[in-house]
Amino acid sequence: SLSVNYADKAVLTADSERTECILNNLISDTPCHFYSAAEGKKSAVIDINLNKKSKFNTFIIREVMELSHKVTDISVSALTDNGWIQLFKRECIGYRLAERFDYVVSDKLRIELNGLSDGCALYGLGVHDFNVRSEKIGTKISKNLISELNCDVTVTNNEMDINLGGIIPFNKIEVDNAPYG
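So, how was this worked out
- In this convention, every chain numbers its residues from 1, walking through the sequence in written order.
- In view of the model being predicted, local features appear only for residues whose pLDDT reaches at least 70, and side-chain atom pairs are presented and counted only at 80 or more, with totals across whole chains, interfaces and linings using the full set of residues.
- Hydrogens and water molecules were not included; the side-chain quantities draw on all heavy atoms of the structure.
- Under the DSSP-based scheme used, a helix requires at least four consecutive residues in state H or I and a strand at least two consecutive residues in state E, with every element numbered from the N terminus.
- When a residue's accessible area, from a 1.4 Å probe over protein chains only, is under 20% of the maximum for its type it is buried; when over 50% it is exposed; and in between it is partly exposed.
- Definition used in this section: a nonpolar core is a set of buried Ala, Val, Leu, Ile, Met, Phe, Trp, Tyr and Cys residues joined via side-chain atoms within 4.5 Å.
- Classification of ring pairs rests on two measures: the distance between centres of Phe, Tyr or Trp rings, Trp counted by its six-membered ring, which must be within 6.5 Å, and the angle between planes, read as stacked under 30 degrees, edge-to-face over 60 and tilted in between.
- Working rule: Lys NZ or Arg CZ, within 6 Å of ring centre, within 35 degrees of ring normal, means a charge sits over the ring.

S.K.: Outline unusual backbone geometry, listing residues and values.
M.R.: One non-glycine residue, Asn51, adopts positive backbone phi at about 75°. Of note, Asn51 is situated in strand β2 (residues 43–63). A residue is classified by how much of its surface remains accessible, and Asn51, at 47% relative accessible area, is partly exposed.

S.K.: Which residues make up the nonpolar core, and what values go with them?
M.R.: Buried together is how nonpolar side chains tend to be arranged in soluble globular proteins. Formed by 33 residues in total, the largest nonpolar core has its most connected members in Leu26, Phe59, Ile111 and Leu113. The set of elements that each furnish at least two residues to this core consists of β2, β3 (73–80), β4 (83–90), β5 (96–114) and β6 (122–128). A total of 7 residues in this core trace back to one element, the largest contributor, which is β2. Counting 5 residues, the second largest nonpolar core, distinct from the first, contains Cys21, Val64, Ala121 and Tyr123.

S.K.: Give a detailed account of the packing of aromatic side chains, specifying residues and quantitative values.
M.R.: If you walk through the whole model with that rule in mind, you get 3 aromatic pairs. Where Phe59 meets Phe88, the ring centres are 5.6 Å apart and the plane angle is 55°; that geometry is what we call tilted. A residue pair is termed long-range when its members are at least 10 positions apart, and Phe59 in strand β2 and Phe88 in strand β4 qualify at 29 residues. Classification of Phe59 by relative accessible area gives buried; the value is 1%. The interplanar angle of 25° and the centroid separation of 6.4 Å between the aromatic rings of Phe88 and Phe101 together place this pair among those described as stacked. Separated by 13 residues along the polypeptide, Phe88 in strand β4 and Phe101 in strand β5 bring together distant segments of the chain. When its relative accessible area of 4% is taken as the criterion, Phe88 is described as buried. A connected cluster of aromatic rings, assembled from ring pairs, spans Phe56, Phe59, Phe88 and Phe101. Cation over ring: Lys55 sits above Tyr103, and NZ or CZ is 4.7 Å from the ring centre. The positively charged end of Arg110 is found above the aromatic ring belonging to Trp84, 4.4 Å away from the centroid.

This is the structure:
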């Protein structure tokens, strides 16, 4: 679930950081405490040591939007028994990047940031095991995404109304076990 963050006690190292915006701020959930690469740097590499092998499938990171988009390229990789594998690559972070991928077991991750504009302003790092369970109740489908959050789906007149109750990381929607959209 998202209630367990494997990055909470991680050891972080980076090839660049600003004195007032230290790397450990990356784990903070408060936007006024953020990590930034050194001024003038156009790229940064952050290594995350989770201290023990963990099974996870979700990565979350936030960008302080009040300081504008500063990251134009991010990729995240994990060190597995077969070497480094790229989990995903995106062109921006935005308010919150929540990316799901196939399960991986690892104790080390690497974030590569490129195309930085005046450093970056990142916080809210999360590495999670995110499970989705659902049950059907008549024409209303209640999805228990995690124990702390319920997703309600109501179907009327061939229209579906989805209330997620927050920002939820997902890659696809399936209807009758077939991809939708």
